[in-house]
Amino acid sequence: MKNIAVIGAGTMGNGIAHVFAQNNFKVNLIDISEEALSKGLATITKNLDRLLIKERITEDIKNKTLQNITTFTAISEGIKNADLVIEAATENVDLKLKIFKQIDAEAPKDTILATNTSSISITKIAAVTNRPDKVIGMHFMNPVPIMKLVEIIRGYSTSNKVTASIMELSKKLGKVPVEVNDYPGFVANRILMPMINEAIETLYNGVAGVYEIDTVMKLGMAHPMGPLQLADFIGLDVCLFILNVMYDGFKNPKYAPCPLLINMVQAGKLGVKSGEGFYDYSEHRKAEKVASQFV
């Protein structure tokens with residue numbers, strides 16, 4: 001397995017492409033937007049330069065990594081020789097199903113089809129293909145070049161052979177793959193999102209402020225960042241989407257999103273990417289200034 005196609009040049013897609021290319025895989029990075037491809041390559045270059053400054057890679061590794069990446073705006077062209085296709089498009093069910101119908105129709109019959117979804121059912125995605133045994137989840141963590149974990153999610157029909165192959169491939173990237181089964185939220189978000197939601201409920205109920213809640217979790221529970229800061233980093237719209245997936249999937253009220261989260265998303269306060277969430281990012285991307293709404 002040497003030829004990898006990555007669909008989507010956003011944060012996750014360019015990170016996945018970076019990691020494969022740095023580990024000597026040939027990568028076709030695909031996005032319908034030329035601008036997104038340019039931004040994705042610029043991000044990969046910037047991240048490689050950071051590694052170079054820290055002496056974690058050499059100039060030669062940087063150059064080879066960039067040489068290993070080819071960009072495409074047409075899915076059909078980018079996947080025609082792929083051993084593995086990884087979809088890293090927006091977390092939208094209809095979009096993902098549309099993409100998987102296309103890649104199933106146009107990719108070689110032995111190609112494995114993977115999705116980086118953080119919550120959508122692998123079984124549901126596999127059902128729109130003619131190769132459900134070759135469909136699997138590869139849930140990378142953000143930022144991909146740094147985070148070691150990859151959740152490997154088996155759909156109902158994913159074969160043992162495909163699962164073993166993707167587990168081994170992940171190890172070749174220097175990652176730690178963990179196999180999980182296909183239930184709403186998988187493992188990472190099934191545990192993480194209720195914690196984030198409870199932190200938002202704690203704020204909503206006036207128990208403590210943004211800074212105080214995050215400080216308790218950082219200093220008391222040894223979390224590298226507080227749950228409200230992490231929600232801003234993930235994107236409050238993404239958090240809401242995942243909670244809704246779990247609520248719909250389990251029909252359990254403990255997964256129902258907090259009204260404050262719903263209101264913030266409706267108001268466009270999405271976190272780092274919108275410039276404001278629980279913190280104000282108008283001056284820099286660090287969560288140092290609590291948003292005026294919560295002061």
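Our subject is the structure that appears above.
Numbers given for residues are sequential positions, taken from 1 along each chain in its written order. Given that the model is predicted, a residue must reach a pLDDT of at least 70 before its local features are reported, and side-chain atom pairs must reach 80 or more before they are shown or counted; all residues, however, enter totals for whole chains, interfaces and linings. Processing note: side-chain calculations cover all non-hydrogen atoms of the structure and skip hydrogens and water entirely.

A. Seen up close, the pairing of strand β2 (residues 26–30). A strand pair is defined by DSSP finding two or more bridges across the two strands. By the criteria applied, helices consist of DSSP H or I runs no shorter than four residues and strands consist of E runs no shorter than two, each listed in order from the N terminus. Two elements, strand β1 (residues 3–7) and β2, share five bridges in a ladder whose sense is parallel. Note on β2: the bridge partner recorded for valine 6 is leucine 29. Bridge count between β2 and strand β3 (residues 69–72): four bridges; the pairing is parallel. When the sheet's bridge partners are listed, valine 27 is paired in β3 with isoleucine 69.

B. Structural context of a positive patch on the surface. To count toward a patch, a residue needs a relative accessible area above 30% and no salt bridge. Like charges then connect within 9 Å, nonpolar side chains (Val, Leu, Ile, Met, Phe, Trp, Tyr) within 5 Å. In these tables, accessible area is a Shrake-Rupley quantity obtained with a 1.4 Å probe, and a residue counts as shielded only by the protein chains included in the view. Whenever a carboxyl oxygen of Asp or Glu lies within 4 Å of a side-chain nitrogen of Lys or Arg, that contact is scored as a salt bridge. Only four residue types enter the charge count: Lys and Arg as positive, Asp and Glu as negative, with His and the chain ends excluded. We put the charge of a Lys on NZ, of an Arg on CZ, of an Asp on CG and of a Glu on CD. A grouping of Lys46, Arg50, Lys54, Arg56 and Arg285 is seen on the molecular surface, where their side chains present a positively charged patch. Within the secondary structure, lysine 54 is located in the loop between α2 (34–53) and α3 (59–67). Judged by its relative accessible area of 54%, lysine 54 is exposed. Using a 1.4 Å probe on the protein chains alone, a residue whose accessible area is under 20% of its type maximum counts as buried, one over 50% counts as exposed, and one in between counts as partly exposed.

C. Focus on the packing of helix α8 (residues 188–204) against helix α12 (residues 259–266). Helix axes are fitted to C-alpha atoms over the stretch in contact, other axes to C-alpha atoms as well, and angles between N-to-C directions run from 0 to 180 degrees. It is the contact of α8 with α12, at a shortest axis distance of 8 Å, that shows an interaxial angle of 95°. The angle between the axes of α8 and α12 places the two elements in the roughly perpendicular class. Residues Asn197, Ile200, Glu201, Leu203 and Tyr204 of α8 form the contact with α12, whose own contacting residues are Pro259, Leu260 and Leu261. Lys, Arg, Asp and Glu make up the charged group, whereas Ala, Val, Leu, Ile, Met, Phe, Trp, Tyr, Cys and Pro make up the nonpolar group; the residues left over, Gly among them, are polar. Of the residues in the contact of α8 with α12, the class split is six nonpolar, one polar and one charged. Just so you know how the angles are binned, under 35 degrees is roughly parallel, over 145 roughly antiparallel, 65 to 115 roughly perpendicular, and the rest oblique. Note on definitions: a residue-residue contact is assigned when non-hydrogen atoms from the two residues lie within 4.5 Å.

D. Spatial organisation of the pattern of salt bridges. Throughout the structure, instances matching the rule amount to 13 salt bridges. Its salt-bridge partner being lysine 96, residue glutamate 91 comes within 3.6 Å of it at the nearest N-O pair. With a relative accessible area of 19%, glutamate 91 lands in the buried category. For lysine 96, a relative accessible area of 1% translates into the label buried. Two residues, glutamate 276 and lysine 269, come together in a salt bridge whose shortest N-O distance is 3.5 Å.

E. Structural context of a nonpolar patch on the surface. A cluster of nonpolar residues, Leu149, Val176 and Val178, forms a patch on the protein surface that exposes about 210 Å² of accessible area. For leucine 149, the position within the fold is in strand β7 (residues 149–154). Judged by relative accessible area, which is 30%, leucine 149 ranks as partly exposed.

F. Molecular detail of the side chain of aspartate 214. As for its placement among the helices and strands, aspartate 214 is situated in helix α9 (residues 210–221). In this structure, aspartate 214 is buried with no salt-bridge partner, the nearest side chain bearing the opposite charge being lysine 218 at 5.9 Å. Polar contacts, as counted here, are pairs of nitrogen or oxygen atoms within 3.5 Å of one another; within protein the pair requires one atom able to donate a hydrogen and one able to accept it, and residues that are adjacent in sequence qualify only if both atoms are side-chain atoms. Within the structure, the side chain of aspartate 214 is placed 2.6 Å from the side chain of tyrosine 279, a separation counted as a polar contact. The residues touching aspartate 214, leaving out its near neighbours within four places in the chain, are Gly226, Pro227, Leu228, Gln229 and Tyr279.

G. Representation of α2 in the model. Here, expected helix span is obtained from the residue count minus one, scaled by 1.5 Å. For α2, built from 20 residues, the straight-helix expectation of 28 Å at 1.5 Å per residue is met to within 8% by its first-to-last C-alpha distance of 29 Å. Residues Leu37, Gly40, Ile44, Asn47, Leu48 and Leu51 constitute the buried set of α2. Down the axis of α2, the buried set is contained in an arc of 100°. They therefore lie on one face. Facing away from the buried side of α2 by over 90 degrees, the exposed positions are Glu34, Glu35, Lys39 and Ile53. The secondary structure elements touched by the buried residues of α2 are α1 (11–22), β2, α3 and β3. The N-terminus of α2 is capped by serine 33, whose side-chain oxygen sits 3.3 Å from the backbone nitrogen of glutamate 35. Count one or two residues on from α2 and you reach glutamate 55, which has phi positive near 60°. Within this analysis, the arc is defined by the directions that extend from the helix axis to the C-beta atoms.

H. A look at the environment of isoleucine 61. Within the element layout of this structure, isoleucine 61 appears in helix α3. With 175 residues separating them in the primary sequence, isoleucine 61 and leucine 236 have C-alpha atoms 36 Å apart.

I. Region of interest: the state of the cysteines. In this description, the term disulfide denotes a pair of cysteine sulfurs within 2.5 Å. Overall, the coordinates contain zero disulfides when judged by the stated rule. Cysteine 258 forms no disulfide, and the closest cysteine sulfur to it belongs to cysteine 239, at a distance of 12 Å.

J. Region of the structure containing the packing of aromatic side chains. Here the aromatic set is Phe, Tyr and Trp, taking the six-membered ring for Trp, and pairing holds for ring centres within 6.5 Å; pairs whose planes are under 30 degrees apart are stacked, those over 60 apart are edge-to-face, and all others are tilted. One pass over the structure, following the stated rule, counts three aromatic pairs. With a centroid separation of 5.3 Å and 80° between ring planes, the pair formed by phenylalanine 20 and phenylalanine 25 is classed as edge-to-face. Owing to a relative accessible area of 0%, phenylalanine 20 belongs among the buried residues under this scheme. You can call phenylalanine 25 buried: its relative accessible area is 5%. Over the ring of phenylalanine 25 we find lysine 2, and its NZ or CZ is 4.8 Å from the ring centre. Throughout this description, the term charge over a ring refers to an Arg CZ or Lys NZ atom that lies within 6 Å of the ring centre and within 35 degrees of the ring normal.

K. Broad picture of the nonpolar core. By size, the foremost hydrophobic cluster in this structure holds 34 residues, and its most contacted members are Phe20, Leu84, Met138, Phe140 and Ile166. We define a nonpolar core as any set of buried Ala, Val, Leu, Ile, Met, Phe, Trp, Tyr and Cys residues linked to one another through side-chain atoms lying within 4.5 Å. If you look at the next biggest cluster of nonpolar residues, it comprises 30 residues, including Met193, Ala231, Tyr255 and Phe278.

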